[in-house]
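Structural features, examined
Okay, here's what each chain looks like letter by letter:
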Amino acid sequence: MSKVKCRRIINKMNIHKVMSLGLILGFILLTMSGCGKKQEAEEDVSTQPELITVGFSQVGAESDWRVANTESFRKTMVKGNGVYMMYDDAQQKQDKQIIAIRNFIQQEVDYIVLAPVMETGWDTVLQEASDADIPVIVVDRMVDIEDTSLYKAWIGSDFKREGKIACEWLDRFTTAKGIRPEDINIVDIQGTEGATSQIGRTNGLTEAASKHGWNILAMESADYAQTKGKEVVAKLLAQFDNINVVYCENDNEAIGAIEAIEEAGKKPGTDIENGDILVISFDAAHSGLNKVLEGKIALDVECNPLQGEEVLNVIKAIEEGKDYNKYTYINESIFTLDDTVKSVNVDDKNYEITKVTSDIIGSREY
Ligand code: GYE
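Everything in this summary refers to the structure shown in the same document. Throughout this description, residue numbers start from 1 for each chain and increase along the sequence as written. Local features in this predicted model are restricted to residues whose pLDDT is 70 or higher, and side-chain atom pairs enter the listing and the counts only when it is 80 or higher, whereas totals over whole chains, interfaces and linings include all residues. Hydrogens and water are ignored here; the side-chain numbers use all heavy atoms of the structure.

Examining the site of the ligand
- Think of it this way: one heavy atom of a residue within 4 Å of a molecule or strand is enough to make that residue near it. The full set close to the ligand counts 13 residues, and E62, R141, S197, N250 and D283 are the nearest of them.
- Within the side chain of N250, one N or O atom sits 2.8 Å away from an oxygen atom of the ligand.
- For the ligand, whose free accessible area comes to 300 Å², the fraction covered by protein is 100%.
- Space inside and on the surface of the protein is sampled on a 1 Å grid over the protein atoms alone, with a cavity defined as a set of points where a 1.4 Å probe fits but cannot get out and a pocket as an open set with protein on both sides within 12 Å along at least 5 of 7 lines; lining residues have an atom within 4 Å of a point. Cavity and pocket membership follows a simple rule, namely that a molecule belongs there if more than half of its atoms are within 2 Å of the grid points. Counting atoms within 2 Å of the grid points, the majority share of the ligand lands in the largest cavity.
- Counting residues per element, the ones that place at least two in the shell around the ligand are α3 (64-76) and α7 (196-212).
- Lys, Arg, Asp and Glu make up the charged group, whereas Ala, Val, Leu, Ile, Met, Phe, Trp, Tyr, Cys and Pro make up the nonpolar group; the residues left over, Gly among them, are polar. A breakdown of the residues in the shell around the ligand according to their chemical character gives four nonpolar, three polar and six charged. Any pair of nitrogen or oxygen atoms within 3.5 Å is treated as a polar contact; in protein, a donor-acceptor pairing is required on top of that, and neighbouring residues in sequence qualify only through side-chain atoms on both sides. To measure how exposed things are, a 1.4 Å probe is used in the Shrake-Rupley method; for residues, cover is taken only from the protein chains shown. Helical segments are the DSSP runs of H or I of at least four residues, strand segments are the runs of E of at least two, and each set is numbered from the N terminus.

Right under this line is the structure:
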């Protein structure tokens, strides 16, 4: 019997103990409340000793992207695919993720999937998972650790490339409109500090700004959240009267920024010469794309959150002893309403730009 399978059976016994306790407690509670639904779901799992158990430590629920990402795992890590998923929401706190991982280790899950809030600080806990012989798969942001054999695979996006694409578009667009680089005044509303997506998107901007000679007036994190995005942009608008580009590192920040811009009596749009403020965003979730359609987000660079299927493929490959890629980058699109720029070239690759329509938005999963 293989080590993984053997551990799985022992592990199921532990999980069954926990589940049985849960069921007894659940039964008492549910009998009191007169509802039997939750109990049914748990019984299903306890009668499936062959299910692969996956502990998923998720960052939180800070954005529409994150909600779509969680949903992708909830849809794929299911009994029909031979998996039982335990889910933990860390509310954007690394210490909560570390506790969750230790709990998964204690429960002897078969796999740990980690969507890390930031890059650093994972060496110890991933070593603990490795000592317990539990394979770890990292998704979305990366982990910055000495020993990369502590995770089996990483699946996510090339965040720096996303930033470069956005900036290449800005350069092409403003050049086409005859706007001089020294008249471009940008504020960068950053994502969660230390997250790979923040680092990549910020670096994409700072490199392009020094290459083209744009002004970056301020850089401040809004933690990928809408309310914070609105607050930070309102503050910056009061501080600088010459902002004409707001570079938001995700859709929710951009939606908050739009509210702040409108409340300040200004207009989000693309006519910079006549006072519009041009908003750039990342993710291209439904909420962001609707703002593109309204002409309020000028450019939305997609970041695909549908990672569940890829992770499942890696798990299956490990189970079957087959080869798989250690690093998988997901393909992504770029959306605008204004079709002045039809494509951009980044690192010798051409990227088509899609003109948003309501049909396109309706056909997308997130
Ligand atoms: O862009 C943002 C989310 O790391 C790619 O995190 C992810 C980012 C995404 O909260 O909306």
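Observations regarding the sheet that holds strand β8 (residues 245-248)
- Paired strands are those between which DSSP finds at least two bridges. Taken together, the seven strands give an open sheet; going across it, the order is β7-β6-β8-β9-β10-β12-β15, and neighbouring strands pair in mixed fashion. In this open sheet, the two strands that pair with only one neighbour each are β7 (215-221) and β15 (354-355).
- Examined bridge by bridge, strand β6 (residues 185-190) and β8 share four bridges and lie parallel to one another. Across the sheet, D188 pairs through a bridge with Y247, a residue of β8.
- Any two residues whose heavy atoms approach within 4.5 Å at even a single point are treated as in contact. Note on method: axes are straight lines fitted to C-alpha atoms, helices fitted across the in-contact stretch only, with angles between N-to-C directions ranging 0 to 180 degrees. Sheet contacts for helix α9 (residues 251-263): β6, β8, β9 (278-283) and β10 (299-302); angle to β9, the most-contacted strand, approximately 160 degrees.

Some points on a negative patch on the surface
- On the surface, a cluster of negative charge is contributed by D123, D144, E146 and D147.
- Counting through the fold element by element, D147 comes out in the loop between β4 (136-139) and β5 (153-156).
- Accessibility here uses a 1.4 Å probe with only protein chains present; expressed as a share of the type maximum, an area under 20% marks a residue as buried, one over 50% as exposed, and anything in between as partly exposed. Given the relative accessible area of 33%, D147 is considered partly exposed. Patches here: salt-bridge-free residues with over 30% relative accessible area, like charges joined within 9 Å, nonpolar side chains (Val, Leu, Ile, Met, Phe, Trp, Tyr) joined within 5 Å. Whenever a carboxyl oxygen of Asp or Glu lies within 4 Å of a side-chain nitrogen of Lys or Arg, that contact is scored as a salt bridge. His is not counted here, nor are the chain ends, while Lys and Arg score as positive and Asp and Glu score as negative. One atom stands in for each charge, and that atom is NZ of Lys, CZ of Arg, CG of Asp or CD of Glu.

Comments concerning the pairing of strand β3 (residues 111-114)
- By the alternation rule, side chains of β3 split into Y111 and V113 and I112 and L114, which are all buried.
- Here strand β1 (residues 52-58) pairs with β3 via four bridges, running parallel. Within the sheet, the bridge partner assigned to G55 lies in β3 and is I112.
- For β3 and β4, the ladder comprises three bridges, and the chain directions are parallel. Pairing of L114 across the sheet is with V138, part of β4.
- Handedness of a crossover is defined as follows: orient the strands so they point away from the viewer, and if the path from the first strand over the helix to the second runs clockwise, the crossover is right-handed. The handedness of the β3 to β4 crossover, carried by helix α5 (residues 123-131), is right-handed.

Some thoughts on the packing of α9 against helix α10 (residues 286-293)
- Between α9 and α10, the shortest axis-to-axis distance is 9 Å and the interhelical angle comes to 45 degrees. In terms of their interaxial angle, α9 and α10 are classed as oblique. Once α9 is placed against α10, the crossing between them reads as left-handed. Contacts between α9 and α10 involve D251, I255 and I258 from the first element and S287, G288 and K291 from the second. With respect to orientation, any angle under 35 degrees is reported as roughly parallel, any angle over 145 as roughly antiparallel, any angle of 65 to 115 as roughly perpendicular, and every other angle as oblique. Crossings are classed by handedness, with left-handed meaning an anticlockwise turn of the near helix from the far one by less than a right angle and right-handed meaning a clockwise turn.

Some words on the packing of aromatic side chains
- For Phe, Tyr and Trp, rings pair up if their centres lie within 6.5 Å, where Trp contributes its six-membered ring, and each pair is then called stacked (planes under 30 degrees apart), edge-to-face (over 60) or tilted (otherwise). Enumeration over the complete set of coordinates arrives at seven aromatic pairs.
- Considering the side-chain rings of F56 and F73, the 4.4 Å spacing of their centres and the 35 degrees angle between planes classify their relative orientation as tilted. One end of the pair, F56, is in strand β1; the other, F73, is in helix α3, and 17 residues separate them in sequence.
- Judged by relative accessible area, F56 falls into the buried class, the value being 0%.
- Taking relative accessible area as the criterion, F73 reaches 1% and is therefore assigned buried.
- Geometrically, the ring pair formed by W154 and Y329 is edge-to-face, given 5.0 Å between the ring centres and 65 degrees between the ring planes. With W154 in strand β5 and Y329 in strand β11 (residues 327-329), the pair connects residues that are 175 residues apart, well separated along the chain.
- W154 sits in the buried class, given a relative accessible area of 2%.
- Residue class for Y329 comes out partly exposed when judged on its relative accessible area of 42%.
- Here the aromatic residues Y151, W154, Y327 and Y329 are joined through ring pairs into a cluster of three or more.
- The cationic tip of K326 hangs over the ring face of Y151; the distance from NZ or CZ to the ring centre is 4.6 Å. By definition here, charges over rings are those cases where NZ of Lys or CZ of Arg is within 6 Å of the ring centre and within 35 degrees of the ring normal.

A look at the sheet that holds β5
- Pairing in this open sheet of six strands is parallel, and the strands run β2-β1-β3-β4-β5-β11 from one edge to the other. The open sheet is flanked by β2 (83-89) and β11, the only strands paired with a single partner. Here the average twist between neighbouring strands, direction ignored, is 15 degrees.
- Looking at chain direction, β4 and β5 are connected through three bridges and run parallel. Bridge pairing links I137 to A153 in β5.
- Its contacts with the sheet place α3 against β1, β2, β3 and β4, and it is angled at close to 175 degrees to β1.
- Sitting on the sheet, helix α4 (residues 94-106) is in contact with β1, β2 and β3, with an inclination near 170 degrees to β1.

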